[in-house]
Each structure stands twice: as structure tokens, then as C-alpha cells.
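# Residue-level structure breakdown
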Amino acid sequence: MKNNNRLFAAIIIALVLGVALGAYVHYQYPEEKADFAKNIKLLGTIFIRLVQMIIAPLVFSTLVVGIAKMGDMKMVGRVGAKAMAWFITASLVSLSVGLVLVNWLKPGKGTSIKMDDLSTADDLLKNTKSFSLEQFVTHVVPKSVIEAMATNEILQIVIFAILFGVALSSMGKLGNPIIKSLDIVSHVILKMVTYIMWVAPLGVFGAVAAAVANYGFEIFSLYAKYLVDFAIGILVLWALLLLVGYFILGNRLWTLLKRIKSPLLIAFSTTSSEAVFPKLVEELERFGCKSKIVSFTLPLGYSFNLDGSMMYMTFASIFIAQVYGVDMSLGEQLTMLLVLMLTSKGVAGVPRASLIVVVATCAMFGIPPEGIALILPIDHFCDMARSMTNVLGNALATTAVDKWESEPETITQEIA
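Residues numbered from 1 in each chain as written. Predicted model: local features only at pLDDT ≥ 70, side-chain atom pairs only at ≥ 80, totals over all residues. Heavy atoms only, no water.

### Some words on the UniProt feature "transmembrane region" (unreviewed entry) in the protein chain
Under the UniProt annotation, the feature "transmembrane region" (unreviewed entry) is placed at residues 46–71, 83–105, 154–174, 195–217, 223–249 and 346–367. Secondary structure content for residues 83–105 is 100% helix and 0% strand, and the end C-alpha separation is 33 Å. Helix makes up 76% of residues 154–174 and strand 0%. Its end C-alpha atoms lie 28 Å apart. (UniProt positions renumbered as here; feature names shortened; annotations may be inferred. Helix = DSSP H or I, 4+ residues; strand = E, 2+ residues; numbered from the N terminus.)

### Regarding helix H9 (residues 200–215)
Between its first and last C-alpha atoms H9 spans 23 Å; for 16 residues at 1.5 Å apiece the expected length is 22 Å, and the two agree. Counted residue by residue, H9 has 13 buried out of 16 residues, so it is predominantly covered. Just beyond H9, the residue with positive phi is Gly-216, at close to 65°. (Expected span 1.5 Å × (residues − 1). Buried < 20%, exposed > 50% of the residue type's maximum accessible area, 1.4 Å probe, protein only.)

### Digging into the side chain of Ser-186
You can see Ser-186 is positioned in helix H8 (residues 176–196). For Ser-186, the side chain forms a polar contact with the main-chain oxygen of Asp-183, separated by 2.7 Å. The residues contacting Ser-186, other than those within four sequence positions of it, are Leu-58, Ser-61 and Thr-62. (Polar contact = N/O pair within 3.5 Å; in protein donor to acceptor, adjacent residues only side chain to side chain. Contact = heavy atoms within 4.5 Å.)

### Section: the packing of aromatic side chains
This structure, assessed with the given rule, holds twelve aromatic pairs. With centroids separated by 6.0 Å and ring planes inclined at 55°, the aromatic side chains of Trp-86 and Trp-404 adopt a geometry described as tilted. Linking Trp-86 in helix H3 (residues 73–105) with Trp-404 in helix H19 (residues 376–415), this pair joins segments that are 318 residues apart in sequence. You can call Trp-404 partly exposed: its relative accessible area is 30%. In this arrangement the basic side chain of Lys-261 is found over the ring face of Phe-8, its NZ or CZ atom lying 5.0 Å from the centre. The side chain of Arg-386 reaches across the aromatic face of Tyr-312, ending 4.1 Å from its centre. (Phe/Tyr/Trp six-rings, centres within 6.5 Å; stacked < 30°, edge-to-face > 60°. Lys NZ or Arg CZ within 6 Å of the ring centre and 35° of its normal.)

### What to know about the packing of helix H2 (residues 33–70) against helix H7 (residues 154–169)
Helix packing for two helices is described by the angle between their axes and how far apart those axes are. Where H2 meets H7, the closest approach of the two axes is 8 Å, and the angle between their N-to-C directions is 35°. The hand of the H2/H7 crossing is right-handed. Within the contact between the two elements, H2 uses Ile-55, Ala-56, Val-59, Phe-60, Leu-63, Val-64, Ile-67 and Ala-68 and H7 uses Ile-154, Ile-157, Val-158, Phe-160, Ala-161, Ile-162, Phe-164, Gly-165, Val-166, Leu-168 and Ser-169. Of the residues belonging to the contact of H2 with H7, the class tally is 17 nonpolar, two polar and no charged. (Axes fitted to C-alpha atoms, helices over the stretch in contact; angles between N-to-C directions. Left-handed = near helix turned anticlockwise from the far one by under 90°. Nonpolar A, V, L, I, M, F, W, Y, C, P; charged D, E, K, R; others polar.)

The structure is reproduced here in C-alpha cells:
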């Protein structure tokens, strides 16, 4: 816990220094801010790439070992069913929160945000043209596990690892050497995590300094209503998640939050929930969750349980509709909610996945997709809150499933 506190303090200091340096460059050297941001951001890139380097072997080894250690395929099915029940419920709640608040607060009505230049959305629009059922299937089902690992496609790695783990478990004693080897590999990688996480303060410093140098503080006044309304949505979602977490974990919820404070802050600063996956595995196991539950539930959560991103999708889609004066009936909005529920699962792990899904959904419902350019300038700061919320949602999902699985074991032991 002491090391965790030191890391948390180092990240806070890096965050403050990053804001100060970024602001200094933005206002004192405006002609050089672009080059400065490009170079200082490399610190964040180095940290994220170091983490990405170990994600594929960590997901594969921990998930295979977790399934193999469960032994009973009924347990695999039971844990999977409980996890998916949480993911689907949490996704629907998150989407609904965004939908209700954007209709109530109406951030797109009477906005002062200009639509002069929409060229910034060109890349997203090009990437979204091929968004289809075919793309969904090819993204979910791996063509090659090597390719999936090379590109860090977590969902594809999860599918291969589940099949591999089930097959390995069915081999009995013959598979024990492989299980033992992969167990050692997972512990070695988790040891690597403790080294890599000390690069996090540098990554945070670089990412925040680059963002502030690029945009300064004026952007917050231009997008004030949008940001305030989005912040209200995030706070409501956090309140709901923590309320459910307290109902399940009781006072242990506060211990969990202390444990995951560093992953939350890293996700917030780097806008990457993926960057904290290894650290989150480590902290959840230290919290007391069984490694087999963590290794099975958390990778699934990173593919199916992105609560912050879900809330943002409905919020951003209806915001764009409001700006363009596109009135949508309740039925159309509910249909959009269900469409987002499905399409969002097919692009899990894709960079800027939330924006790609928003563009595709807008085009589907007659909302000008180029309107995504309206929110691109502020998206980095919204992504900070989205990423942190995704981490919280997956931490709660994993601990909840672990609690539900522990209760039957406790009852069985008491009867015996």
C-alpha cells in the first residue's frame, strides 16, 4: 500500500507540473506550442506502448490459467453468465443515463460552438464508411491469434484464450505442465507491471502538458455548457455505480477505491483505460479477489463493459442532433440506444472507438455525421473522464462477480 501511495503522489505531482508547463508554453510561446506538444507527448506514448507490450501475454496467460484452475466447466459458464449479466445491465444503465440527461439538459440547443471547419472529422468519417455487420464479425472472431496479439485486439485474444483454456482443462493431468508454465509467465508479467508503473508519472506529465499546450484554457469557456452537462452525466453514473458497489461490497468499497486510486488517476491523465489493465489486475488481486475470477472477468469487461464510453455515445449522438435541429422521437432514441448497445461491442479496443460508433450511429439515424467535428476539440478532456469511469466500472464488475462466487463457497463450507 505504501508503494501505491508513493506512486499516486508522484502522478499527482506530474499532473500539476504538466498543466503548469503546458499552460506556460501555450501562452508564452504560441508559435511553438504544436511542436512542443508533439514532442512532449512522446513521454505518454512511451508509457502506453510499454503497457501495450505486456497486455496480450498477460490477458492470454491469466485467462487460460483462470479457466483451467476452475476445472469445472459449469463454473466457467456460471462466472461468464454473471459477468455478462452485469455488463449488459451496466451498459443499458450507462446508455440510459446519457440519453436522459442530454434530453433534459439540452447542451446542443443555442450552443455558441461554431461549425466553420469540419475537415477535422475526415479521418473518422473515412474509417466509419466500412462499418458494417461484416466488420463487426471480423473484429470479434480472430483470423490469427498471432495477429490478434500483435495488434492488441483484446476481444479476439479473449475468445482464443477461452477456447484454449477449456481445451486445456479437459486434458486433465496431461495439461498441468502448460498450466504451471503459463501461471509462472503471468506472475513474471505482473512483476514487470510494478517496474513499468513507475514510468506512469512521466507518461502523465507528457500527456497532460501536450493537451494543455495545444488547447490552453480558453477551450473550456467555449465548451462550458457541453462540459458541465457531460460532467453531470459522469457524476450521476459514478453515483449509481458506487451505490451498487456499496450495496454489494459494503464498507469494503472504500478499501477498493483506495486500491484502485492509481489506476483511476493514470486512466484519467493518459485517456487510456487499456494503459492500466495490468496494474488493475494486480490491485484487484491484492484487494482479495481470486486470481481465476479476475483473469476471466476483467478481460471480458474491457471488451463488453465500458460504462463511461457508453454514456458518452448517447450523449454525443443526441447533442449533434440538437445542434443540427434534428428532432428524434422517443421511439427513435430508444432504437438508437439498442443499436449503440450492439455496435459498441464490435469495436472494443479500437482507438477512439466511441467516436467511430457515434459517427456510424449518426449516419444511420439521419444525423449529419460530420457533426462529430463539433466535439473533436474537446474530446480529449471528455475521454479523460470516460477512461476513468471505464476503469471504475470494470473494477466493480470484477469484485461483484468475485463476491457472488465466494458466497456459495462460504455457505457450502458452513454446511460441511
